Amino acid sequence: AAGLLLAAGAGALAAGVPALDEREALRLAEAAVGQPIPDVALRDRQGRAVRLASYHQGKPLLVSFVYTGCFQVCPTQTRALLEAVRGLEKRFGESQFNVVSIGFNQPFDGPDEMRAFAAQQLISHRNWDFLSPASESVVPLTRGLGFSYVATPAGFDHVLGVTVVDAASRRGTLQSRT
């Protein structure tokens with residue numbers, strides 16, 4: 001599958017369609033490891049103001065980025081993360097960590113869209129929230145967490161990844177490219 005994804009990206013680049021620079025994405029992800037996480041204001045699914053820092057106070061935090069207009073990769077990644085979360089819950093307990101999925105396609109990934117996306121993926125965990133940053137916070141937030149994306153005519157070319165923030169706010173990133 002990775003070979004097909006890389007081939008699709010190479011074909012898009014040859015056709016003049018924007019594509020993610022994999023080397024730069026890896027460089028940015030590696031540069032984010034160990035850095036403090038950006039503490040930006042976000043809105044939860046109910047539209048309430050929340051801060052990213054409130055999700056990792058003394059607990060590990062898993063962060064994924066999605067865009068709600070994606071109908072293949074983002075839902076698949078989210079369902080795979082759900083399976084991983086279920087395994088973590090069995091091993092460590094539900095209250096031992098938090099998970100957030102953040103919509104990066106602003107202003108289109110607002111609280112209503114994030115609520116609908118969570119419902120479509122059948123996610124109703126107490127320790128998992130779906131968040132929307134303000135448009136001006138997207139770049140500092142995604143860069144600060146080592147997430148890269150490029151807008152394309154079909155949506156976005158972006159890395160698939162989960163950023164892991166430990167209880168001491170140290171960050172690591174697990175990712176691959178879509």
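Each value, and the rule that gives it
- Residues numbered from 1 in each chain as written.
- Predicted model: local features only at pLDDT ≥ 70, side-chain atom pairs only at ≥ 80, totals over all residues.
- Heavy atoms only, no water.
- Helix = DSSP H or I, 4+ residues; strand = E, 2+ residues; numbered from the N terminus.
- Areas by Shrake-Rupley, 256 points an atom, 1.4 Å probe, with all protein chains shown as cover.
- Salt bridge = Lys/Arg side-chain N within 4 Å of Asp/Glu carboxyl O.
- Buried < 20%, exposed > 50% of the residue type's maximum accessible area, 1.4 Å probe, protein only.
- Core = buried A, V, L, I, M, F, W, Y, C linked by side-chain atoms within 4.5 Å.
- Contact = heavy atoms within 4.5 Å.
- Expected span 1.5 Å × (residues − 1).
- Arc of directions from axis to C-beta.
- Pairing = 2+ DSSP bridges.
- Right-handed = clockwise from strand over helix to strand, strands pointing away.

> With reference to specific residues and values, describe the overall build of the chain.
On a plain count of helices and strands, the chain comes out with five helices and eight strands. N-terminal to C-terminal, the α/β element order of the chain is α-α-β-β-β-α-β-α-β-α-β-β-β. Just so you have it, the chain exposes about 9,100 Å², and 58% of that area is on carbon and sulfur atoms.

> Can you tell me about the pattern of salt bridges, naming the residues and giving the values?
Throughout the structure, instances matching the rule amount to seven salt bridges. Residue arginine 48 pairs with aspartate 44 through a salt bridge whose shortest N-O separation is 2.8 Å. In this structure aspartate 44 comes out as buried when scored by relative accessible area, which is 2%. One salt bridge connects arginine 115 with aspartate 112, and the closest N-O pair in it is separated by 2.5 Å. Note that arginine 115 and aspartate 112 are positioned in helix 4 (residues 111-120) at a spacing of three residues, about one turn of the helix. Using a relative accessible area of 37% as the deciding quantity, one classes arginine 115 as partly exposed.

> Which residues make up the nonpolar core, and what values go with them?
If you look at the biggest cluster of nonpolar residues, it comprises 39 residues, and the most contacted ones within it are Leu42, Leu52, Phe65, Val100, Ile102, Trp128 and Leu141. Going through the elements one at a time, strand 3 (61-66), helix 3 (73-92), strand 4 (98-103), helix 4, strand 5 (128-133), helix 5 (138-144) and strand 7 (155-165) are the ones with two or more residues in this core. Discounting residues that sit within four places of it in the chain, tryptophan 128 has contacts with Arg45, Thr78, Leu81, Leu82, Val85, Val99, Val100, Ser101 and Ile123.

> Just give me the short version of helix 3, but keep the residues and values in it.
Taking 1.5 Å of rise per residue, 20 residues should cover 28 Å, and helix 3 covers 28 Å from first to last C-alpha, within 8% of that figure. Residues of helix 3 that are buried: Cys74, Pro75, Gln77, Thr78, Leu81, Leu82, Val85 and Glu89. The buried residues of helix 3 all sit within an arc of 150° when viewed along its axis, so they share a single face. Those residues of helix 3 that are exposed and angled more than 90 degrees off the buried face are Lys90 and Arg91. Those residues of helix 3 hidden inside the fold are in contact with strand 3, strand 4, helix 4, strand 5 and strand 7.

> So what's going on with the environment of valine 40? Residues and values would help.
Considering the arrangement of structural elements, one finds valine 40 in the loop between helix 2 (22-32) and strand 1 (41-43). For valine 40 and serine 137, which are 97 residues apart along the polypeptide, the C-alpha to C-alpha distance reads 6.9 Å. Among all residues touching valine 40, those that are not within four sequence positions of it are Val50, Arg51, Leu52, Ser137 and Leu141.

> Outline the pairing of strand 4, listing residues and values.
For strand 4, the tally of buried residues reaches six of six residues, placing the bulk of the element in the interior. Burial of the side chains of strand 4 extends over both faces: Asn98, Val100 and Ile102 are buried on one face and Val99, Ser101 and Gly103 on the other. As judged from the six bridges shared by strand 3 and strand 4, these two strands associate in the parallel manner. Across the sheet, valine 63 pairs through a bridge with valine 100, a residue of strand 4. Handedness of the β-α-β unit built from strand 3, helix 3 and strand 4 comes out right-handed. Pairing of strand 4 with strand 5, which is carried by four bridges, proceeds in the parallel orientation. When the sheet's bridge partners are listed, isoleucine 102 is paired in strand 5 with leucine 131. In the classification by handedness, the crossover that spans strand 4, the intervening helix 4 and the parallel strand 5 is right-handed.

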